[in-house]
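A look at the structure
Letter by letter, the chains look like this.
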Amino acid sequence: MSTVALITGAASGIGAAVARRLSAGGAKCVLVDRDGEGVERLGKEVDGAWLAADVSDEQASLDAVALAEQRYGRLDLVHLNAGVSGRVDLADFDVERYRQVVGANVDGVVFGVRAGVPLLARSGGGAIVATASLAGLVAFSGDPVYTMTKHAVVGLVRALAEPLAAQNIRIGAVCPGFTDTPLVAEAREMFVNAGFPLLTADDVAAAVESAFYAETPGTLLIVQPGRQPVPYRYAGVPGPAGGQRPPRAD
């Protein structure tokens, strides 16, 4: 029985690399992207199913999961990869642009988890991996709104790890540095001229595949050029003084 994978933001960049990698390993892929021509082209290339849709619309994720069930009868892996760069100027605020960024980067992940979990559970369990960013772990002053959205993704993954594990569903995230994809195309020349190494989409796709099978729920994989992906470790939060336990809710 083939593994079935759902991938958002699949028409190019990291999502396309993940689709090709999983397909080469025998997986059946359901691809989602708002670039209709691009997602159809890749869908035909990997002999999968595809849907032209915007993940900031809740219905897109529901339709994608329904397509997976209709075409393949199950769902094993979900890669919530769709996202956009921020470029929201707080001094010259464009609320429409702000909503677009939050819609793709945060709502798209929430909607994807909400839609995918029931079919993953009915299929016996599986894994969800979100594409976050190093900006989800550190303060990236160059794009504060993007940084906020990726912190939100990391927080969601960490908070869902335990409850989803009870349903035999692993959730994790990859947190790559700057990657040579259309998302950074405008800045690529600057990076090259500065001698700053960029990850390839294939580098990140390999980390996504590893994250699918990470043993520890809520694993956040840091992906940097020239290094093996490593889990990020939080230091933890100090408890209250005096060792008092909070009152029980019951």
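This text goes with the structure placed above it.
Residues numbered from 1 in each chain as written. Predicted model: local features only at pLDDT ≥ 70, side-chain atom pairs only at ≥ 80, totals over all residues. Heavy atoms only, no water.

Topic: the pairing of strand 2 (residues 28-33)
- Along strand 2, 5 of the 6 residues are buried, which leaves the element largely enclosed by surrounding structure.
- Relative to strand 2, strand 1 (residues 4-8) runs parallel, the two being bridged by 5 bridges. Considered in strand 2, the bridge of Val4 is made with Lys28.
- Read from strand 1 through helix 1 (residues 13-24) to strand 2, the crossover connection turns out right-handed.
- Pairing geometry for strand 2 and strand 3 (residues 49-52), over 4 bridges, is parallel. The partner of Leu31 across the bridge, within strand 3, is Trp50.
- Running through helix 2 (residues 36-45), the crossover from strand 2 to the neighbouring parallel element strand 3 is right-handed. (Buried < 20%, exposed > 50% of the residue type's maximum accessible area, 1.4 Å probe, protein only. Helix = DSSP H or I, 4+ residues; strand = E, 2+ residues; numbered from the N terminus. Pairing = 2+ DSSP bridges. Right-handed = clockwise from strand over helix to strand, strands pointing away.)

Details of the nonpolar core
- Counting residues in each nonpolar core, the largest one holds 38 residues, and the members touching the most others are Leu6, Leu75 and Ile128.
- Sorting elements by how many residues they give to this core places helix 4 (residues 95-122) first, with 6 residues.
- Among all residues touching Ile128, those that are not within four sequence positions of it are Val78, Leu80, Val113, Val117, Leu120, Leu164, Ile169, Arg170, Ile171 and Gly172. (Core = buried A, V, L, I, M, F, W, Y, C linked by side-chain atoms within 4.5 Å. Contact = heavy atoms within 4.5 Å.)

Quick look at the environment of Asp89
- Positionally, Asp89 belongs in the loop between strand 4 (77-80) and helix 4.
- By relative accessible area, which is 43% here, Asp89 ends up partly exposed.
- A polar side-chain atom of Asp89 sits 2.9 Å from the main-chain amide nitrogen of Ala91. (Polar contact = N/O pair within 3.5 Å; in protein donor to acceptor, adjacent residues only side chain to side chain.)

Here's the deal with the pattern of salt bridges
- The final tally for this structure, using the stated rule, is 6 salt bridges.
- Between Arg21 and Glu209 there is a salt bridge; the shortest N-O distance is 2.6 Å. Of this pair, Arg21 sits in helix 1 while Glu209 sits in helix 7 (residues 201-212), and the two are 188 residues apart along the sequence.
- Given the relative accessible area of 38%, Arg21 is considered partly exposed.
- In this structure Glu209 comes out as partly exposed when scored by relative accessible area, which is 27%. (Salt bridge = Lys/Arg side-chain N within 4 Å of Asp/Glu carboxyl O.)

Considerations on the sheet that holds strand 3
- An order of 3-2-1-4-5-6-7-8 is seen for the 8 strands of this open sheet, with the pairing classed as mixed. Looking at strand neighbours, the two that pair on one side only are strand 3 and strand 8 (230-231), the edges of this open sheet.
- Along the sheet, helix 1 makes contact with strand 1, strand 2, strand 4 and strand 5 (126-131), crossing strand 1 at roughly 170°.
- Here helix 2 sits on the sheet and contacts strand 2 and strand 3; the angle it forms with strand 3, its principal contact strand, is near 180°. (Axes fitted to C-alpha atoms, helices over the stretch in contact; angles between N-to-C directions.)

Some points on the packing of helix 1 against helix 7
- Between helix 1 and helix 7, the least distance of the axes is 8 Å, while the angle of their chain directions is 60°. One finds that helix 1 runs oblique with respect to helix 7. Crossing hand, helix 1 versus helix 7: right-handed. Contact residues: helix 1 offers Gly13, Ile14, Ala17, Val18, Arg21 and Leu22, while helix 7 offers Ala201, Asp202, Val204, Ala205, Ala206, Val208, Glu209 and Phe212.
- Tallied by class, residues from the contact of helix 1 with helix 7 come to 10 nonpolar, 1 polar and 3 charged. (Parallel < 35°, antiparallel > 145°, perpendicular 65-115°, else oblique. Left-handed = near helix turned anticlockwise from the far one by under 90°. Nonpolar A, V, L, I, M, F, W, Y, C, P; charged D, E, K, R; others polar.)

Some thoughts on the packing of aromatic side chains
- Under the defined criterion, the tally for this structure stands at 2 aromatic pairs.
- Judged by centre distance (5.5 Å) and plane angle (50°), the ring pair of Phe93 and Tyr98 falls under tilted.
- Between Tyr232 and Tyr234, the ring centres sit 4.9 Å apart and the planes meet at 85°, which makes this aromatic pair edge-to-face.
- Using a relative accessible area of 29% as the deciding quantity, one classes Tyr232 as partly exposed.
- Accessibility expressed as a relative area gives 38% for Tyr234, which makes it partly exposed.
- Seen from the ring of Tyr234, Arg158 lies directly overhead, with NZ or CZ sitting 3.7 Å from the centre. (Phe/Tyr/Trp six-rings, centres within 6.5 Å; stacked < 30°, edge-to-face > 60°. Lys NZ or Arg CZ within 6 Å of the ring centre and 35° of its normal.)

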